[in-house]
Amino acid sequence: MSVPERFERLEATRIVADPGALDGIESPDDGRLMRLAPDDLLVLPALARVDVADRYAIIEPEAGFSAAWFGRSQLARLQAVSAWEFPRHRPAVAQGHLAGIPVKMLFDEGGVRVLVPAVLAHHLEERLGLGDRRE
Amino acid sequence: MALRLHCPHCGVRPVDEWVYGEVPDPPDHLTGADERDVDRGFMMSNTEGAKQERWFHAGGCGRWQAIERDTTI
């Protein structure tokens, strides 16, 4: 389905460490790495164990995001509520405001996975017109 | 057209995503410690031209960036 009903809570692993140590982390077989900043990495899905070559690395379960998948046909709809241009290469990671709400986006050939702070997920659902909001 | 700032991690982004952080720069003729503190805390320099600033990319990578901005453009 290319249009999600709602955002679902995401379980990931957040690693803050020396940039060189983060460079050496390999993506899990069925997962993805999102480099949020030179010293900040988000691993999807959550890892049971990870080795980081930095003794001061901070490795924590990250449960603060909700995520939803949008098919390629929905990209124009998302671009219309963004003041910045989406990357054209794939795969790609982007961060910025979507409909005025900070998101992180993971672009693949088939579409984009949108991560939003969980406390703001319902706002983004409303602004994107997801699901049935009539009660 | 809205101000757009370049983030080395995220790319060019509109100013809405950023939080401004002025770098206090008391003028040289203020020599007393109290005077300089008051100037640093309350007086905007309002520079005309190129200016070093700090901006926090709250809507993106969540990192402070040192940015030189020309206030006349």
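None of the values given here were measured: they were computed from a predicted structure.

The partner chain B presents twelve residues to the 13 residues of chain A that form the contact. The junction of chain A with chain B conceals about 900 Å² of combined surface from both sides, 47% of it contributed by carbon and sulfur atoms. Three residues stand out in chain A for area buried against chain B, namely W84(A), Q95(A) and H97(A), and they jointly supply 46% of the buried area on that side. Inspection of the chain A/chain B interface yields two salt bridges. In this structure, R63(B) engages D40(A) in a salt bridge whose closest nitrogen and oxygen atoms are separated by 3.5 Å. Scanning the region where chain A abuts chain B turns up seven residue pairs in polar contact (both at pLDDT 80 or more). Elements supplying a minimum of two residues to the side of chain A that touches chain B: β3 (32–37), β7 (92–98) and β8 (101–108) of chain A.

This part is about the sheet that holds strand β9 (residues 111–117) of chain A. Residue and element names in this part refer to chain A. Spatially, five strands are ordered β1-β6-β9-β8-β7 in an open sheet, and the strand pairing comes out antiparallel. Here the strands that pair on one side only, and so sit at the sheet edges, are β1 (8–9) and β7. Note: strand β6 (residues 65–71) against β9, seven bridges, orientation antiparallel. Across the sheet, residue F70 finds its bridge partner in β9, namely V112.

Conventions used here
Each chain has its residues counted from 1, following the order in which its sequence is written. Going through the entries in the order they are written, you letter the chains from A and number the ligands from 1. With the structure being a predicted model, the display of local features is reserved for residues of pLDDT at least 70 and the display and counting of side-chain atom pairs for 80 or more, all residues being used for whole-chain, interface and lining totals. Think of the side-chain values as coming from all heavy atoms in the structure, minus any hydrogens and water. Contacts were defined at the residue level, with two residues in contact if any of their heavy atoms lie within 4.5 Å. As used here, buried area is the combined drop in accessible area, with a 1.4 Å probe, of two parts when they are placed together. Think of a salt bridge as a Lys or Arg side-chain nitrogen and an Asp or Glu carboxyl oxygen that are within 4 Å of each other. Throughout this description, a polar contact denotes any pair of N or O atoms lying within 3.5 Å of each other; where both atoms belong to protein, one of them has to be capable of donating a hydrogen while the other can accept it, and for residues adjacent in sequence the pair is counted only when both atoms sit in side chains. Working definition: helices are DSSP H or I runs of at least four residues, strands are E runs of at least two. Numbering for both runs from the N terminus. Here a strand pair is declared whenever DSSP counts at least two bridges between the two strands.

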